[in-house]
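Structure assessment
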Amino acid sequence: MITTLNNISQQFYNVGEIFAGAMFENEDLPIFDRMSHAYAEYWSRKVLPAYNGGKLYPCGPLGEPDYAVTPSASYVYTVDKERLDKKDPALFGYLIDEFAGSSCGYTIHSVAGFGFTHSLPHYGRIAKEGFDSYYERIQRKNGELKNGLSELLDGIRKFRGRCIDKLIKENADEELIAALKKVPFRPAENIYEAIVCMNFIYYLDCCDNVGRLDTDLLPFWKGEDIVGLLEEFFKNVDETEGYSSSIGPDYNPLTLQCLKAIKGKRRPQIELRIRPDMPKELWDAAIASLAEGCSNPSLYNDPLYEQSFKKRFPDLPHEDFLRFCGVGCTESTLAGLTNAGSLDAGIHTPEIFSVYMRENLGKCSSFEEFYNGFIAKYKSELEDVVDRLREYHTLRAKCRPHPMRTLVVDDCIDKDKDFNNGGARYSWSVINFAGLVNVFEDMLAVKELIFDKKLFSAERFIKGLDDEDPEIFNACKRCKHYGVDDDEADSLAARILGDLLDELDKHRTCFGGQFLPASIQFNTCVWAGRTVLATPDGRKRGTSLADSLSAIHGNDTDGITAMLNSVAKLPLWRMTGTPVLNVRLEKTFMKNNLPAIVSGFFANGGMQMQITCLNREDMLDAQEHPENHGNLVVKVGGYSDYFVRLPRDLQNQIISRTEFV
Amino acid sequence: MMIFDIKRASASDGPGLRSVVFFKGCPLRCAWCHNPESYSASPQLSYAEEKCVSCGKCSQICEHGCHEIKNGAHIYSSEKCVLCGKCAEECPTKALKLYGEEISVDRVFSKLLRDKAYYVFGGGVTFSGGEPMSQFEEALELAKKLYEAGVSVCMESCGYGNTEDFLEIAKYIDFFLFDVKCVKELHKRCTGVENDLIIKNLHALSDAGAKIILRCPIIPGVNDNKEHLEYLASLSKLSGVKEINLEPYHPIGISKRKILGMPVEYGNPEFADKTEIENLKKQLSVLTDKDIKII
């Protein structure tokens, strides 16, 4: 049976799949126009979310009750195969195109990153200029993107119209209806309209990131208290699993209002850009929020990020750097100007080490030989990762244009180039290094036990690791460690990282962009550990890797400053993509000392810090597994001490105290 | 110099974030002391039975036969011990621990400077112990070096030492955390020494312009009374005294004494009652001038 194109489209429409149906309506059209049509139809016809009676709309979860093919912030569109198969098992096959069927897919390294591309619309520009002016820019350019973008804007206009109709029908807030009649097509004229615009665009961009709040909203601000409105916006972000926003470093009154609004909330992740002149009231607001146990805000060393960016991009204008914001977890981007490629790909360094060590340790007569062999192995693995990524980017540019991001990210329209084809003002690719700290510790242990002290033969050592021989594991645990301010250990860690980054810096994306290295492990450190055999850092087979750049729990036994000093000795400034450091602090300690801890770390070269305050469960776990909690600080009467250093009975008494909240 | 710890990032030994150097050796023997490992000017070995897994590593490494495992139990013979610390280094569960390390002033200084970036917002280094003045020459040299490096130094002291020495080191100390244990009549019984010299030194420091915080452990049944508060109030009239800290008793000293093989002299196992401490602070504030901070 010959299937006509229209038949495919009709089959998707028949099962309520608007996006896919529209995408197949006319396969003769350029792919950008097909995707634009799909986006336009989707927004024109999708089910609207419920109105919650508030000052912003859309609101709450997007509400995708039955769609299997939906627009995606990262992937242009995503397919829920199970849901689609239930509707009609024949449909999925139509979606396997050259891109989906390519061989540049999943590898062992992908666990640290694979093709996500978080991004940020230029919210401030849309609020200031309105989409009507975007029409004019598109028409003026009169290029390849003209038809698609114009249709997309029409679709957005229809979506807005349906939103307004719904709000009128439900006797919604009149101010909201009036604002939505204006934005995002005409310029916002006050702070409320600007926030309504920002919220609306956030939903259009599939609820990814919030972006530059304080600076993008400042031009509309006339002294109003907008904390309540921001809280409502943040609730939408939380309910839609949105990610990040950055505030500062040009501190204005809205910076403080943002911090007040985020107090105690999970999302968005507010990134506070810290400069030495940050006002005390902002420190106080940050502390008040963190004390709620919400880990918000995260703290960024703004001068060092600027230095890091300037080294890589010497011509970067200061005003563009001011748009710096971490997206997704915390990958570096310039809000509204960038295709950040975050997290495009990963490199699984402990897996490389583990395989390399088992094959080569017995063949090496010196540590230098072993070390250089590892770097060479990494180099060849990296080349493969980068080659695959280039192929992936090339195919994506051909098969997966992203009309929504092309519309909202500068300078795609003016370059007449799709977002996924190098249209953004800046296009780079954030590469995530998994398990760096494990490799630091692995190298330290191998150097000390096999080459310096010659305590074990290579064969005995590897067999001991594989058999979980306590003698080998104890020997590994007693080696020098990263995380205790030991210069010898830290200098080897810095050497390893420097050599890994040197290799990455030699490569470019298929668009000529740089690869920005990052170390961002969240639950991925657990997943990534599952494939790795036992390693000389004392890690057993299949267990979790270290968390980003934090010391392996239990090795950082000399306090927080010693741990931070070890981290700061790494060439962190070279990790422009972002080097995450998670730190857990006892609440009172954090409240009294946050500025000193953060300022000291940043003065020494720390890039960023993500803080969590300690709770009772952590202390109970510390009793069960003291080796994992060497850095946990508690207050005993009038002094602070390490929890695990205290006698058991005292620990029990401290745990049994009432926790005042 | 002989120290038994350098605690980094302490938030309770003076303002801001501080590195604390614990000097070994103290002329007082306070019954409730929470750092009894500081008494002796020499190293001391502690043994925490609850942490011992009877692995026998200590008996293998010890050249003097101090440790043996009999019927699964660890037996330590301290009379043979030369305090080399090898057993503690080998002990996998840290059941054995050596308190006390001979270390040069320069090494301590360079260790302390590692955290200099964190001594912002009023932080710095605190000398504690033990009694820092029991190693006056070393304490002075270290204080001078830190002063010259621009690091704020605070000294916690029991006040027992040569008056001239106190006045000399005061030139490099930003402020003193000066202990006041109890009234004169109880002092010798509770601490092993009379307090005449201590009070003399307090006056001398005040007269010399030193900034002083009176640090007063509140020991239930010993000094949690009006007489003691009146005594503190009278001392707070000295011009150098800016603040009084009432430190709530905690029983950590008891378990430390047990693992050090020392007799328990003040066996109260309870933490101080917070409400009681707050009441005492209120009573004290009535007795003192308004410009004296009570914390």
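Now for a look at the structure at hand. (Residues numbered from 1 in each chain as written. Chains lettered and ligands numbered in written order. Predicted model: local features only at pLDDT ≥ 70, side-chain atom pairs only at ≥ 80, totals over all residues. Heavy atoms only, no water.)

Structural notes on the side chain of Asn252 of chain A
Residue and element names in this part refer to chain A. The following threshold applies: Secondary structure elements follow DSSP: runs of H or I of four or more residues count as helices, runs of E of two or more count as strands, with numbering from the N terminus. Each polar contact in these results corresponds to two N or O atoms within 3.5 Å; when the atoms are within protein, one needs to be able to donate a hydrogen and the other to accept it, and residues that are neighboring in sequence are counted only if both atoms are side-chain atoms. Note on definitions: a residue-residue contact is assigned when non-hydrogen atoms from the two residues lie within 4.5 Å.
With respect to the helices and strands, the residue Asn252 is situated in the loop between strand 4 (244-247) and helix 13 (253-262). At a separation of 2.7 Å, a polar atom in the side chain of Asn252 contacts the main-chain amide nitrogen of Leu254. The contact partners of Asn252, leaving out residues within four places of it in the chain, are Asp214, Thr215 and Leu218.

Looking at the sheet that holds strand 12 (residues 429-434) of chain A
Residue and element names in this part refer to chain A. Where we set the bar: By this definition, two strands are paired if DSSP reports at least two bridges between them.
In spatial order, the strands read 10-12-13-14; together these four strands make up an open sheet with parallel pairing. The open sheet has two edge strands with one neighbour each: strand 10 (345-348) and strand 14 (578-579). Across four bridges, strand 12 lies against strand 13 (residues 515-519) in parallel orientation. From the neighbouring strand, Val430 faces strand 13, where its bridge partner is Leu516.

A word on unusual backbone geometry
Residues apart from glycine generally show negative phi values, whereas peptide bonds are mostly found in trans. Stated precisely, the cut-off is as follows: Exposed residues in this analysis have more than 50% of their type's maximum accessible area, buried residues have under 20%, and partly exposed residues fall in between, with area computed by a 1.4 Å probe over protein chains only.
Put simply, Ser342 of chain A and Leu343 of chain A share a cis peptide bond, and its omega is -15°. Residue placement: Leu343 of chain A occurs in the loop between strand 9 (338-339) and strand 10. With an omega dihedral of 0°, the bond running from Asp410 of chain A to Asp411 of chain A counts as a cis peptide bond. Structurally, Asp411 of chain A is set in the loop between helix 19 (403-408) and helix 20 (412-415). Backbone geometry places Cys206 of chain A, a non-glycine residue, at a positive phi of 60°. The partly exposed category is assigned to Cys206 of chain A, whose relative accessible area is 21%. Non-glycine residue Ala9 of chain B carries a positive phi angle of around 60°. Mapping Ala9 of chain B onto the fold places it in strand 1 (residues 2-10). The class for Ala9 of chain B is buried, based on a relative accessible area of 10%.

Comments concerning the sheet that holds strand 3 (residues 211-212) of chain A
Residue and element names in this part refer to chain A. Applied cut-off: Orientation is described by lines fitted to C-alpha atoms, with helices fitted over the stretch in contact, and by angles between N-to-C directions that extend from 0 to 180 degrees.
Read across the open sheet, the six strands follow the order 3-4-5-6-16-15; overall the sheet is mixed. One side of each edge strand has no neighbouring strand; the edge strands of this open sheet are strand 3 and strand 15 (582-585). In terms of strand pairing, strand 6 (residues 298-301) meets strand 16 (residues 608-613) through two bridges, oriented antiparallel. Considered in strand 16, the bridge of Leu299 is made with Met609. Packed on one face of the sheet, helix 15 (residues 302-312) meets strand 5 (269-274), strand 6 and strand 16 and runs near 55° to strand 6.

Concerning the pairing of strand 12 (residues 241-248) of chain B
Residues and elements named next belong to chain B. Just so we agree on the cut-off: Call a crossover right-handed when, viewed with both strands pointing away from you, the route from the first strand across the helix to the second goes clockwise.
Here strand 12 lies mainly inside the structure; six of its eight residues are buried. In the sheet, strand 11 (residues 212-218) pairs with strand 12 via seven bridges, with the strands oriented parallel. Its bridge partner lying in strand 12, Arg215 is registered against Asn245. For the crossover from strand 11 across helix 8 (residues 226-235) to strand 12, the handedness is right-handed.

Some words on the interface of chain A and chain B
Stated precisely, the cut-off is as follows: Defined here as a combined quantity, buried area equals the accessible surface (1.4 Å probe) lost by two parts on assembly, summed across both. Any carboxyl oxygen of Asp or Glu that lies within 4 Å of a side-chain nitrogen of Lys or Arg is treated as forming a salt bridge with it.
Taken together, the contact between chain A and chain B spans 37 residues of the former and 24 residues of the latter. Summing both partners gives a buried area of about 2600 Å² for chain A against chain B, and 51% of it is carried by carbon and sulfur. Taken together, the connections running from chain A to chain B amount to five salt bridges. A salt bridge links Glu90 of chain B to Arg478 of chain A, with the shortest nitrogen-to-oxygen separation between them at 3.6 Å. In this assembly, chain A and chain B are joined by nine residue pairs in polar contact (both at pLDDT 80 or more). For the side of chain A that touches chain B, the elements supplying multiple residues, two or more each, are helix 26 (560-568), helix 27 (587-603), strand 17 (633-636), strand 18 (639-642) and helix 29 (648-656) of chain A.

Considerations on the pattern of salt bridges
Residues and elements named next belong to chain A. A complete count under the given rule lists 70 salt bridges over all chains for this structure. For Asp284, the salt bridge goes to Lys280, with nearest N and O atoms at 2.8 Å. Linking Asp284 with Lys280, this pair stays in helix 14 (residues 280-290), spanning four residues, or about one helical turn. Taking the relative accessible area as the measure of exposure, Asp284 reaches 36% and is therefore partly exposed. Where Lys506 meets Glu503, a salt bridge forms, and the shortest distance between an N and an O atom there is 3.0 Å.

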